[in-house]
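Reading the structure
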Amino acid sequence: MTDLHHASHLHTPHLHAVEDTPAFEATAGTGRNTVLSLTRVSKHFDVAGRRVQALSDISLDIQEGEFLSIVGASGCGKSTLLRLILGLDRAYEGSILLDGEKVKRPGLDRGIVFQEHRLLPWLSVEANVAVALRRSKLSARQKRDTVRWHLQLVGLEKFAEAYPAQLSGGMQQRVAIARALVNRPRFLLLDEPLGALDALTRLRLQDELKRIVRQEGITTILVTHDVDEAVYLGDRIVIMQPHPGRIAGILPVILPHAGDDSRNRSDAAFLRLRDHVLGQLGVGHGDIAIQAAE
Amino acid sequence: MNSQIKTRLARIWRAIALPLVLLAAWEAATRLNPVDPHLLPPLEDVVARGWTESRNGDFLTALLASLGRDLAGFAIGALIGTASGLALGFLRPAQAILGPTLRAHRQIALFAWVPLIAVWFGAGEPGKIAFIALAAFQPSLINTWRGVQEIPDRFRELAAVLTFSRLDFLRLVGIPAILPAIFTGLKAALIYAWQATIGAELFMTIAPGIGGVMMQGRQLFQMDLVLLTILLLGLVGAGFNTLAGLSETLLLRRRTS
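Only a predicted model underlies this, so the values are computations on that prediction, with no experimental measurement involved.

Thoughts on the side chain of Ser 66 of chain B
Residues and elements named next belong to chain B. Mapped onto the elements, Ser 66 comes out in helix H3 (residues 58–90). A polar contact of 2.8 Å, which involves the side chain of Ser 66, links it to the side chain of Glu 201. With near-sequence residues (within four places) excluded, Ser 66 lies in contact with Trp 194, Thr 197, Glu 201, Gly 209, Ile 210 and Gly 211.

This is the structure we're talking about:
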């Protein structure tokens, strides 16, 4: 690894996964426990008789209430990582512990928003959110109320009767967010949830996501290839590199919050951090990037 | 609005242009260069025949007999076919055991089953209905089966994440997702069954029905009657198609995504 101390105003960047750094303590506050713990997780696929290493030696601890951004180019295995945390794929090495328990199967304690909304086209908005409550123990009335409450949370209470095809892309994704949250999961997993939206809608939904996550106090893992988004939303940023997918560094985000919790994207510190992340991904400006990619 | 009506009229006009030309050619052939009217009777003879036949009621009786046979066979075949398609798609062992045989079965021409069915079920009414049912069975099975296989993985994954039970998966994801494929199968089954109805009436024993009328026309060398039945067959088939299309749009209206 090369010299990256041009960014030393941000605390020393950690080029390897380092847990519980002082820098992190500063952002996340004290007294928070590790609720999700990945230890030396590796995953490979057999593609046409060849072994392709998708993830290599991923170790990561996630604290309660934290907003973790995982950023990397496509093919770095970040979506695979989410699938493992979801319990959709159990063929991997290493361990993934949720509150100390091994993840064995999908559960309602983990809500997910995929890149495509995955709403069922034959169900109304309301019914699409309600399907997530099939396994819930709430009464019919409570279910109705919580669906309505979550539609309000994403600002779509007036569209309860509409069908997904009648909504814009941004609205569809908001329904998907409501569906992911309606069970009040402990974890919200976001797999490039805004990746397919236009730039303006994406910026608006970033603010909305931030507000919702704060309001619900939910531990969130966001997978994205948008560095700006990762910096804007994350408490910490995990930088991943491909072939094989591995953690290149974990950075705390310590930026002043302007007014109501939103960061100023034009702030010098924001831009420096963003450029630093880009550098670690090997796509930044000038020699910084080239050095970092070496 | 006005232009909408215009385009609609234009579409109808384009659709009926060719049949009109054919009718005109028919008329011209019988008038200008007299073809033997026994082989190709003039158009007006056929129309006149249709008029008399519909007045004495025999034709209607025959049509209803054919339709009844057709719908009975269709109902049996489509029901078994769709149910087997669902079983094949959703039950893995069923697919492994039945799949190859059914794929091979597809290679056998439909009419090759006539002798076997005639022996097993008799050439009378049960045999005819069994044959029609077999014709309806094939497309409903194949389309339903394919529909299940083509349920998008993203929805299967969603169901896994939401920890759906098998029943919930079927009710909320599986059945709605394959409904269009089932419909395609039923539509094809309706057409196949109608073809098989006439086939059964022509190749198995004589029975009241359109096929019987056709045979009668051939044996008595009444080409106007034969042509009349052919026209009627086409009309009924087109009617089935329109009906199926209408019910499909009605039932699946919300699926525009």
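Remarks on unusual backbone geometry
Residue and element names in this part refer to chain A. Omega for the bond connecting His 243 with Pro 244 falls within 30 degrees of zero, at -10°, which places this linkage in the cis form. Structurally, Pro 244 is set in the loop between strand E9 (236–241) and strand E10 (246–252). Residues other than glycine seldom take positive phi values, yet Asp 57 does so here, at roughly 55°. Tracing the sequence through the fold places Asp 57 in strand E2 (residues 50–63). Backbone geometry places Asp 99, a non-glycine residue, at a positive phi of 55°.

Concerning the interface of chain A and chain B
Contacts between the two partners involve 22 residues from chain A and, on the opposite side, 20 residues from chain B. Counting each side, the surface lost to burial between chain A and chain B is near 2000 Å², with a carbon and sulfur contribution of 66%. Looking at the side of chain A facing chain B, the largest losses of area belong to Arg 118, Trp 122 and Arg 134 of chain A, adding up to 32% of the total buried there. The interface formed by chain A and chain B contains three salt bridges. In this structure, the connection of chain A to chain B is made through six residue pairs in polar contact (both at pLDDT 80 or more). Taken together, the residues that form the side of chain A that touches chain B break down as 15 nonpolar, one polar and six charged.

Side note on the pattern of salt bridges
Residues and elements named next belong to chain A. Inspection of the entire model under this criterion finds 26 salt bridges over all chains. In this structure, Glu 192 and Lys 78 form a salt bridge, with 3.3 Å as the shortest nitrogen-oxygen distance. One end of the pair, Glu 192, is in the loop between strand E7 (187–191) and helix H6 (199–216); the other, Lys 78, is in helix H2 (residues 78–86), and 114 residues separate them in sequence. By relative accessible area, which is 10% here, Glu 192 ends up buried. Arg 174 serves as the salt-bridge partner of Glu 208, at 3.4 Å between the closest nitrogen and oxygen.

A word on the environment of Val 47 of chain A
You can see Val 47 of chain A is positioned in strand E1 (residues 34–47). Expressed as a C-alpha distance, the spacing of Val 47 of chain A and Arg 211 of chain A, which sit 164 residues apart in the sequence, is 41 Å.

Side note on the sheet that holds E9 of chain A
Residue and element names in this part refer to chain A. Read across the sheet, six strands follow the order E6-E7-E8-E3-E9-E10 without closing on themselves; strand pairing throughout is mixed. At either end of the open sheet lies a strand with only one pairing partner, and these are strand E6 (110–113) and E10. Recorded for the sheet is a direction-independent mean angle of 15° between the axes of neighbouring strands. Pairing between strand E3 (residues 67–72) and strand E8 (residues 219–224): five bridges, direction parallel. Residue pairing in the sheet places Ile 70 in a bridge with Val 223 of E8. The sheet strands contacting helix H8 (residues 268–281) are E3, E9 and E10, and the helix crosses E9 at an angle near 25°.

Points about the sheet that holds E1 of chain A
Residue and element names in this part refer to chain A. Strand order across the open sheet formed by four strands is E2-E1-E4-E5, with antiparallel pairing between neighbours. Because the sheet does not close on itself, it has two edges, and the strands there are E2 and strand E5 (101–102). Summarising the sheet, E1 and E2 pair through ten bridges and their orientation is antiparallel. Pairing of Val 41 across the sheet is with Ile 58, part of E2.

Cut-offs used in this document
Residues numbered from 1 in each chain as written. Chains lettered and ligands numbered in written order. Predicted model: local features only at pLDDT ≥ 70, side-chain atom pairs only at ≥ 80, totals over all residues. Heavy atoms only, no water. Helix = DSSP H or I, 4+ residues; strand = E, 2+ residues; numbered from the N terminus. Polar contact = N/O pair within 3.5 Å; in protein donor to acceptor, adjacent residues only side chain to side chain. Contact = heavy atoms within 4.5 Å. Buried area = accessible area lost by both parts, 1.4 Å probe. Salt bridge = Lys/Arg side-chain N within 4 Å of Asp/Glu carboxyl O. Nonpolar A, V, L, I, M, F, W, Y, C, P; charged D, E, K, R; others polar. Buried < 20%, exposed > 50% of the residue type's maximum accessible area, 1.4 Å probe, protein only. Pairing = 2+ DSSP bridges. Axes fitted to C-alpha atoms, helices over the stretch in contact; angles between N-to-C directions.

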